[in-house]
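Understanding the architecture of this molecule
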Protein chains: 4
Amino acid sequence: MSRIKGYKDECYIRGNVPMTKREIRILTIALLEVKDNDIVVDIGAGTGGLTMEAAYATPKGKVYAVETKPEAIQLIKENARQFGCDHIQLIEGRAPEALKNIETPVDKVIIGGTGGKMEDIFVWSHQAMVTGGRIVANFVTLENAAEAMAFMKKYFIEAELIQVAISRGDAIGGLTLLRAANPIFIITGKKG
Amino acid sequence: MSRIKGYKDECYIRGNVPMTKREIRILTIALLEVKDNDIVVDIGAGTGGLTMEAAYATPKGKVYAVETKPEAIQLIKENARQFGCDHIQLIEGRAPEALKNIETPVDKVIIGGTGGKMEDIFVWSHQAMVTGGRIVANFVTLENAAEAMAFMKKYFIEAELIQVAISRGDAIGGLTLLRAANPIFIITGKKG
Amino acid sequence: MSRIKGYKDECYIRGNVPMTKREIRILTIALLEVKDNDIVVDIGAGTGGLTMEAAYATPKGKVYAVETKPEAIQLIKENARQFGCDHIQLIEGRAPEALKNIETPVDKVIIGGTGGKMEDIFVWSHQAMVTGGRIVANFVTLENAAEAMAFMKKYFIEAELIQVAISRGDAIGGLTLLRAANPIFIITGKKG
Amino acid sequence: MSRIKGYKDECYIRGNVPMTKREIRILTIALLEVKDNDIVVDIGAGTGGLTMEAAYATPKGKVYAVETKPEAIQLIKENARQFGCDHIQLIEGRAPEALKNIETPVDKVIIGGTGGKMEDIFVWSHQAMVTGGRIVANFVTLENAAEAMAFMKKYFIEAELIQVAISRGDAIGGLTLLRAANPIFIITGKKG
């Protein structure tokens, strides 16, 4: 069971950092099966799109947002403030090094970016996670999706992948133009 | 806020009646913004895929499942029993006639099938719904999507449409074949 | 049999007028089954993307490009010049009125835009075309696609529709980001 | 310039061997830029879907169809007979070993299957091909697409990838249901 808010894209303070789209945030939190008191780690948090949804889903838990880009860190802070989330802890730095600042074990891991250290991040996620914990990784590139799927099968059980392509109706002169968002690979697994 | 269970497809007792896929169920309930004590009407409930998710999301509310096909009605009953949902009321019959057996007002309406009476169903939904209530309609055909979008704009506010195309990774000899599900149009609106 | 050049998008002189993407141009000409000596009418020619491919496919035929927007007309002229196509005749004006300037019968019709006069354009296309002639209509909006499919079935035989969603790999730091183009509805028919 | 026939799926004699869909065949031959007198090699020819289109496109050239599965070989023979193609040479065996039976140089290579020997096949393709020759590889799995893209960039120039998702309208009670085909990765390159 996950408590899903489904914040709209326009609710967020956004910069030039690309943000996961609403439907992908909803699916990510639902597939992560986030519970009220879960400890969630959001690695490569970006603007904090998923962080805020994860925070909403964990009123009795905690969310670590790991991010290294200064502009993104600033946006996470601003979004946390406007959404009134005081159980988000920002971990400034690059994974996997920065991850040592997280108190383990954790229940759930979101991977939104890997900065080229994917296997290290998978290894850390597996070690840091409780048995039965879940992990969801989102990718926009073919190579990262293929590589992540390999690590998901190596370190976790029940590895699954979906590719989600969403087009949003855009009202043009009374008609509905289908405007495509870039397809996203969502890869999920569980600690056995 | 919606409490989303995200039941897997294989959790359901299924017949030959096509069933909304898991990701579409998750998005539908999230976009409907189902609350704990909502009264939800699921018109054209089919196998009950969305009914069960709606029931999970409304522990203090109620779900009406409207369906006319005997095979589908039987599956809804069996699924309600296995999921332990005792706040689902089955309305056997065809919309819009059968809808008069529903106690109004209601909070949320799901349209999964219209049997050719789409405008009547939209009119009923609008009349039966509280101000601020939400409606989500799912379609697999182009014509129904276009028609529903027109009625959504006529009777409701904040009409939005997305088309969702999901491919699921299928493990074939250690590789991940992308197996496409048919694209779904999800149309949402709100009673102004 | 169609002779397909497959001009790349960047070969065209382009303005702010949106242009059909390369893959859609290829599919459109192939599904239109353009022959060497065909007379082709491109209604709503825009930048001339399809006009140039049709011109390539008809070395012994002729292509009428019907367009009303001055900026688009200018681009068609410039593209015809740079591609060295001297068997394109530009019909400046709005369909269906402007279509009376076309010498009939014709073999093939492309519909790229309808300006709200869709049935008139279908009626003209049917009347102007030889028996066994083919028609292909491309749309980006749900409503136009649904309406065109209805007219295709009313006036032509073998009406078929496909929706084509193409993502193009974009090289980002050695990785391949999938960048989605908006999905296109391609509707085809034949004069019975 | 490619001469494209666009044979329909139902024109082929088919078995249980999966066949590339019509739109993918059209795009593949167009992106391969097959010319009248080209020598084309179709590696992993399967049912011969692409082989027949390549044969149509090369009235003064030749097509080698490389395939190892007996059932598929039989279907290629039957399809070549019914399409009246006498310039197809069947190479029975597994790539890359079987490729030594092909007279080089060749102009174009199609890769439809690799049987786990992908790099060897790319190396052979590069060596066997004239400068300026083109190669198109089609894949249904994520891993093969990612791996092929890496080899395409390693051995060829102008490496490009598209993912093509096509839904075909299926007439259901006067409505048009969108039925999705599995998405295909089409990767192209050129010998520099």
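Residues numbered from 1 in each chain as written. Chains lettered and ligands numbered in written order. Predicted model: local features only at pLDDT ≥ 70, side-chain atom pairs only at ≥ 80, totals over all residues.

**Section: the overall build of chain A**
Put simply, the rule is: The helix count covers DSSP runs of H or I at least four residues long, the strand count covers runs of E at least two residues long, and both are numbered beginning at the N terminus. Values of the radius of gyration come from C-alpha atoms, whereas the globule rule sets the reference at 2.2 Å times the count of residues to the power 0.38. A residue pair is marked as a contact if its C-beta atoms, positioned from the backbone, fall within 7 Å.
Each helix and strand counted, chain A has 5 helices and 9 strands in total. For chain A, the C-alpha radius of gyration of 16 Å lies close to 16 Å, the compact-globule estimate for 192 residues. On the principal axes, the C-alpha backbone points of chain A span a range of 55 × 35 × 30 Å. Sequence separation of at least 24 residues holds for 69% of the intrachain contacts in chain A that already meet a minimum separation of 6.

**Some points on the nonpolar core**
Quick note on the threshold: By definition, a nonpolar core groups buried Ala, Val, Leu, Ile, Met, Phe, Trp, Tyr and Cys residues that are joined through C-beta atoms within 7 Å. For the exposure call, what matters is how many other C-beta atoms sit within 10 Å of a residue's own: 20 or more marks it buried, 12 or fewer exposed, and in between partly exposed, using C-beta atoms placed from the backbone.
In terms of nonpolar packing, the biggest core is built from 273 residues, with A:Ile110, B:Ile110, C:Ile110 and D:Ile110 touching the most fellow members. With near-sequence residues (within four places) excluded, A:Ile110 lies in contact with A:Thr28, A:Leu32, A:Val40, A:Val41, A:Asp42, A:Ile43, A:Leu50, A:Ala54 and A:Val136.

**Quick word on the confidence of the model for chain A**
The condition that has to hold: For every residue, the predictor reports its confidence as pLDDT, a number between 0 and 100.
Averaged over chain A, the pLDDT score is 95; the fraction of residues at 70 or greater is 100%. The ipTM for the predicted assembly is 0.96, set against a pTM of 0.97.

**Quick notes on the relation of the copies chain B and chain A**
Formally: When the copies are overlaid, the least-squares fit takes in C-alpha atoms only where the residue has pLDDT of at least 70 in both copies.
When chain B is fitted to chain A, the best match, at an RMSD of 0.0 Å, comes from turning it 180° and sliding it 0.0 Å along the axis. Classification of the inter-copy transformation places it as that of a two-fold axis. When C-alpha positions in chain B are compared against the rotation axis, the closest is assigned to B:Arg3, at 2.2 Å. A shared interface surface links the copies, since 100% of the contact residues of chain B are contact residues in chain A too.

**Description of the environment of D:Pro70**
Within the element layout of this structure, D:Pro70 appears in helix H3 (residues 70–82). The sequence separation of D:Pro70 and D:Leu99 amounts to 29 residues, and the corresponding C-alpha distance is 17 Å.

**Section: the pairing of strand S9 (residues 184–190) of chain D**
All names here are of chain D. Selection rule: In this scheme, strands are said to pair when DSSP sees at least two bridges between them.
Most of S9 is tucked away, with 6 of its 7 residues classed as buried. With 6 bridges connecting them, strand S6 (residues 129–139) and S9 associate as antiparallel partners. Within S9, the residue paired with Phe139 across the bridge is Phe185. In terms of strand pairing, strand S7 (residues 157–172) meets S9 through 6 bridges, oriented antiparallel. Bridging from a neighbouring strand, Gln163 pairs with Phe185 of S9.

**Brief notes about the interface of chain C and chain A**
For clarity, the cut-off: Following the grouping adopted for this structure description, the nonpolar residues are Ala, Val, Leu, Ile, Met, Phe, Trp, Tyr, Cys and Pro, the charged ones are Asp, Glu, Lys and Arg, and the polar ones are all others, Gly among them.
On the side of chain A, 17 residues touch chain C, which itself brings 17 residues to the contact. Elements that contribute at least two residues to the side of chain C that touches chain A include exactly helix H5 (142–155), strand S7 (157–172) and strand S8 (175–180) of chain C. Residue composition of the side of chain C that touches chain A, by class: 10 nonpolar, 5 polar and 2 charged.

**Here's the deal with the relation of the copies chain C and chain A**
When chain C is fitted to chain A, the best match, at an RMSD of 0.0 Å, comes from turning it 180° and sliding it 0.0 Å along the axis. An overlap of 100% is found between the interface residues of chain C and their copies at the interface of chain A, pointing to a shared contact surface.

**Quick look at the interface of chain B and chain A**
Contacts between the two partners involve 25 residues from chain B, matched on the other side by 25 residues from chain A. Elements that contribute at least two residues to the side of chain B that touches chain A include exactly strand S1 (2–4), helix H1 (22–32), strand S7 (157–172) and strand S8 (175–180) of chain B. No other element matches S7(B), which puts 10 residues into the side of chain B that touches chain A. When grouped by side-chain class, the residues that make up the side of chain B that touches chain A number 13 nonpolar, 6 polar and 6 charged. Across 7 bridges, strand S7 (residues 157–172) of chain A lies against S7(B) in antiparallel orientation. Bridged to A:Arg168 within S7(B) is B:Ile162.

**Side note on H1(B)**
Residues and elements named next belong to chain B. Burial analysis of H1 places 10 of its 11 residues in the buried class, which makes it a mostly covered element. Residues of H1 that are buried: Arg22, Glu23, Arg25, Ile26, Leu27, Thr28, Ile29, Ala30, Leu31 and Leu32. Following H1 by one or two positions, Glu33 has its phi on the positive side, about 50°.

**Let's talk about unusual backbone geometry**
In this structure, A:Pro96 follows A:Ala95 across a cis peptide bond, with omega equal to 5°. One can find A:Pro96 in the loop between strand S4 (88–92) and strand S5 (106–111). Here the bond from C:Thr104 into C:Pro105 is cis, since omega is 5°, no more than 30 degrees from zero. Take C:Pro105: it is sitting in the loop between strand S4 (88–92) and strand S5 (106–111). In this model, D:Glu158 sits at a positive phi of 55°, which is unusual for a non-glycine residue. Mapped onto the elements of the fold, D:Glu158 is located in strand S7.

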